[in-house]
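Each chain is listed here by its residues.
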Amino acid sequence: MTPDEIEVAMFAAFNDCDAASCPLTDTQKQILLQVVEQIQGNSSSGMSNIANPLDELTPEELEAFLQFVKEEEQRNRTWKVQLLNDWLLEKDSGTVQFIRQRYGLQWLNRVEPYHFDKYSYFEDALKLRVGDRIEVSNALWEWVQEDGPCKREWFPCMVIKVEEISDVYDGRRCSNDSSTNCVVRFFNGAEYEIQGMYKWNRYNWRWPQKE
């Protein structure tokens, strides 16, 4: 669909909401239209894709935002969806309400998973889910050397299975020794199982990097 066709469809949906006695507010309509615009790439510049939007936050704002993201992920909720739901329902977002007030939707839509990689103390708060796109290194299946003939390469793929594995001692599960295994599918249809995604193999995968 072209941007014009999508916009027409959105306005038709607004009219359907009115007809169903569930009208959207002007703010809600604006947020939805801006989301569509961002998806189509009509509002983002090349520089905004390169710069890390998290760098634009103050230290206090960054700490509050990262804590919010970590807590949402621990609850198995997507942090960005949660913020958008708050905005659509005109709910206060608590400690991260400043995102809406000072930075807005355009800033929010610029944030990608790989932007969090810069902040090592954030660890792996962003949990892998089925459907996530990641890049994996050829070091998983072959010997690579930084200065050798076989160098590290990255291949895009999609997560199709996530499994939490807990070690068992004397019939009891030990959560401290649990690990996460994933099955990924490459674009050629091949599938590959990766063990210890957040532990010994964390170095061998990354969130998609944008140029």
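The structure we're discussing is the one just above.
Residues numbered from 1 in each chain as written. Predicted model: local features only at pLDDT ≥ 70, side-chain atom pairs only at ≥ 80, totals over all residues. Heavy atoms only, no water.

Draft legend 1. Highlighting the packing of helix α4 (residues 59-74) against helix α5 (residues 79-88). α5 packs onto α4 with a crossing angle of 105 degrees between their chain directions and a minimal axis gap of 9 Å. Between α4 and α5, the angle falls in the class roughly perpendicular. Contacts from Phe65, Phe68, Val69, Glu72 and Glu73 of α4 reach α5 at Trp79, Gln82 and Leu83. Counted by class, the contact of α4 with α5 contains 5 nonpolar, 1 polar and 2 charged residues. (Axes fitted to C-alpha atoms, helices over the stretch in contact; angles between N-to-C directions. Helix = DSSP H or I, 4+ residues; strand = E, 2+ residues; numbered from the N terminus. Parallel < 35°, antiparallel > 145°, perpendicular 65-115°, else oblique. Contact = heavy atoms within 4.5 Å. Nonpolar A, V, L, I, M, F, W, Y, C, P; charged D, E, K, R; others polar.)

Draft legend 2. A look at the environment of valine 111. Within the element layout of this structure, valine 111 appears in the loop between α6 (97-110) and β1 (133-137). Taking the C-alpha atoms as reference, valine 111 lies 7.4 Å from leucine 54; in sequence the two are 57 residues apart. Dropping the residues within four chain positions of it, valine 111 is found in contact with Pro53, Leu54, Trp79, Lys80 and Phe116.

Draft legend 3. Spotlight on the side chain of glutamate 72. Mapped onto the fold, glutamate 72 is located in helix α4. The exposure class of glutamate 72 is buried, given its relative accessible area of 4%. Those residues in contact with glutamate 72, other than ones at most four positions away along the chain, are Arg77, Trp79 and Gln82. (Buried < 20%, exposed > 50% of the residue type's maximum accessible area, 1.4 Å probe, protein only.)

Draft legend 4. Molecular detail of unusual backbone geometry. The phi dihedral of asparagine 76 is positive, around 60 degrees, even though this residue is not glycine. Tracing the backbone shows asparagine 76 in the loop between α4 and α5. Located in the positive-phi region is glutamate 90, a residue other than glycine, with phi close to 55 degrees. What makes glutamate 90 partly exposed here is its relative accessible area of 44%.

Draft legend 5. Layout of the packing of aromatic side chains. This model, assessed by the stated rule, comprises 11 aromatic pairs. Relative to phenylalanine 116, the ring of phenylalanine 65 has its centre 6.2 Å away and its plane inclined at 20 degrees; by these criteria the two rings are stacked. In this pair, phenylalanine 65 sits in helix α4 while phenylalanine 116 sits in the loop between α6 and β1, placing the two residues 51 residues apart along the sequence. For the residue pair phenylalanine 65 and phenylalanine 116, the accessibility class agrees, reading buried in each case. Grouped by ring-pair contacts, the aromatic residues Phe65, Trp79, Phe98, Tyr103, Trp107 and Phe116 constitute a single cluster. Between the NZ or CZ atom of lysine 127 and the centre of the ring of tyrosine 198, over which it lies, the distance is 4.6 Å. (Phe/Tyr/Trp six-rings, centres within 6.5 Å; stacked < 30°, edge-to-face > 60°. Lys NZ or Arg CZ within 6 Å of the ring centre and 35° of its normal.)

Draft legend 6. Geometry of the packing of α5 against α6. Running from N to C, α5 and α6 point in directions that differ by 125 degrees, and their axes come no closer than 12 Å. Between α5 and α6, the interaxial angle falls into the category oblique. At the point where α5 passes α6, the crossing takes the left-handed sense. Across the interface between the two elements, Trp79, Lys80, Leu83, Leu84, Asp86 and Trp87 from α5 touch Ile99, Arg100, Gly104, Leu105, Leu108 and Asn109 from α6. Across the contact of α5 with α6, the residue classes tally to 7 nonpolar, 2 polar and 3 charged. (Left-handed = near helix turned anticlockwise from the far one by under 90°.)

Draft legend 7. Examining the nonpolar core more closely. The biggest cluster of nonpolar side chains holds 37 residues, and the ones touching the most others in it are Leu54, Phe65, Trp79, Ile99, Phe116, Leu128 and Ile134. Put simply, the parts of the chain that give this core at least two residues each are α4, α5, α6, β1, β2 (154-169) and β3 (172-186). In this structure, isoleucine 134 is in contact with Leu128, Phe155, Pro156, Cys157, Val159, Val184, Met197, Trp205, Arg206, Trp207 and Pro208, ignoring residues within four places of it in sequence. (Core = buried A, V, L, I, M, F, W, Y, C linked by side-chain atoms within 4.5 Å.)

Nothing here speaks to function; it is all geometry.
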